[in-house]
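Chain by chain, the residues:
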Amino acid sequence: MPGSALPIEPQRDIARARKIHSPAPASNGAGPAAESRADAPLVRLDHLDTLWFQVTGTICNLRCVHCFISCAPDNDSFEFLSLAEVEDWLRRSETWGVKEYYFTGGEPFMHPDLPAMLERTLERGPASVLTNGTLLPARALKPIARTARAASYSLEMRVSLDGPSPEMNDPIRGDGTFDRAMEGVRKLLEEGFLPIITATQVWEPERDEEVRQAFVARLRGLGYENPRLKILPSLRIGREADRVRPYTNEEHVTEAMMEGYDERQLLCASSRVVTNRGIYACPILIETPAARMGSTLEEASRPVRLDESACYTCWLHGAICSNYGGIGQDVS
């Protein structure tokens, strides 16, 4: 099978974490100051286990109202990576012992060379593609599926849906996107994939179980008997800051909060992101100039300072961008 079931890993005690650091609202309703905080801790790169490719930059066929990097058809602040660039970074990654690769955007299936990129990648290690599921043409999906079936390493597909119905999803992602994404899930199932469905928690937390079960029922209706579901917290940057609210002045990570904390839960302790404008600390912060680490993996191996408020969300929930972190777990 191109995909394999994820283990159900224990979640951190979020209630305990919030008790340690319960944020108070900002007095003026504004987000935190942009300057670096003196009490912001440093996270060192333990091992470069994961390399991300911002393969289509910020260019996407959708304009989701909660997108934390404001991707859109007309947002070219970050552009496509070429096949040659990806191949070059794959070669460079070998000396660092990279174990896994992620392809994100924007929408990766907008890139005409995605099948070739994945073929080269699966020669070296497992890969994951983060997609909205609305653009899965046979000319791309079928060769990718053939490559995945023949590869020694696994290929995961993650499909973003923000509700188990058009009524919940489409106000976030756009009219008709729910049906198109569900058709994408059906295509992936036909090709032998077991896609991970990721949903940002745009509903009230007390509805978590109701929404989870609605997702399960809807996916089983497609013939996906043991669906894999990952619930993500919202990131209050980009368009999400306008849709709901920005982070408050108190929502940030301090040195005291890192006492006894396992830094391996944070993506920046084991990952870096390749874009057409250099290497960044994590996929969440590519529009944050201070998160740019340099132009080489050597430059990008320096420690990351957790002085962005979005780091607070990762501190609470772990490596939410990976296949394993987040609020939710696999369901079956």
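Note: the structure precedes this text.
None of these values were measured; they are calculated from a predicted model.

Over the atoms a probe the size of a water molecule is rolled, and this reveals where empty space is left. What the rule picks out here adds up to 3 cavities of 30 Å³ or more. Here the lining of the largest cavity is composed, by residue class, of 16 nonpolar, 11 polar and 6 charged. By volume, the second largest cavity amounts to about 140 Å³. Sorting elements by how many residues they give to the lining of the second largest cavity places helix 9 (residues 310–317) first, with 3 residues. Broken down by class, the residue content of the lining of the second largest cavity amounts to 15 nonpolar, no polar and no charged.

Turning our eyes to something else, we now look at the sheet that holds strand 2 (residues 50–54). Each strand in a sheet pairs with another by means of backbone hydrogen bonds, the pair being arranged parallel or else antiparallel. Across the sheet, 9 strands lie side by side as 7-6-5-4-3-2-8-9-10; this open sheet has mixed pairing. For this open sheet the edge positions go to strand 7 (228–232) and strand 10 (292–294), each flanked by a neighbour on one side alone. Direction aside, the axes of adjacent strands within the sheet are offset by 25° on average. Here strand 6 (residues 196–200) pairs with strand 7 via 5 bridges, running parallel. Each bridged residue has a counterpart across the sheet, and for Ala199 the counterpart in strand 7 is Ile231.

So, on to the side chain of Asn75. With respect to the helices and strands, the residue Asn75 is situated in the loop between strand 2 and helix 2 (83–94). Judged by relative accessible area, Asn75 falls into the buried class, the value being 14%. Apart from residues lying up to four places away in sequence, Asn75 is in contact with Thr58, Ile59, Ile69, Ser70 and Glu287.

So, about the packing of helix 5 (residues 166–173) against helix 6 (residues 177–190). Closest axis-to-axis distance for the helix 5/helix 6 pair is 8 Å, and the angle between their directions is 105°. It follows from the interaxial angle that helix 5 and helix 6 lie roughly perpendicular. The residues of helix 6 that touch helix 5, namely those facing Pro166, Asn169, Asp170 and Arg173, are Thr177, Phe178 and Asp179. Broken down by class, the residue content of the contact of helix 5 with helix 6 amounts to 2 nonpolar, 2 polar and 3 charged.

Basis of the calculations
Residues numbered from 1 in each chain as written. Predicted model: local features only at pLDDT ≥ 70, side-chain atom pairs only at ≥ 80, totals over all residues. Heavy atoms only, no water. 1 Å grid on protein atoms, 1.4 Å probe; cavity = no way out; pocket = protein on both sides within 12 Å on 5 of 7 lines; lining within 4 Å. Points joined across faces, edges and corners; volume = space filled by probe spheres on them. Nonpolar A, V, L, I, M, F, W, Y, C, P; charged D, E, K, R; others polar. Helix = DSSP H or I, 4+ residues; strand = E, 2+ residues; numbered from the N terminus. Pairing = 2+ DSSP bridges. Axes fitted to C-alpha atoms, helices over the stretch in contact; angles between N-to-C directions. Buried < 20%, exposed > 50% of the residue type's maximum accessible area, 1.4 Å probe, protein only. Contact = heavy atoms within 4.5 Å. Parallel < 35°, antiparallel > 145°, perpendicular 65-115°, else oblique.

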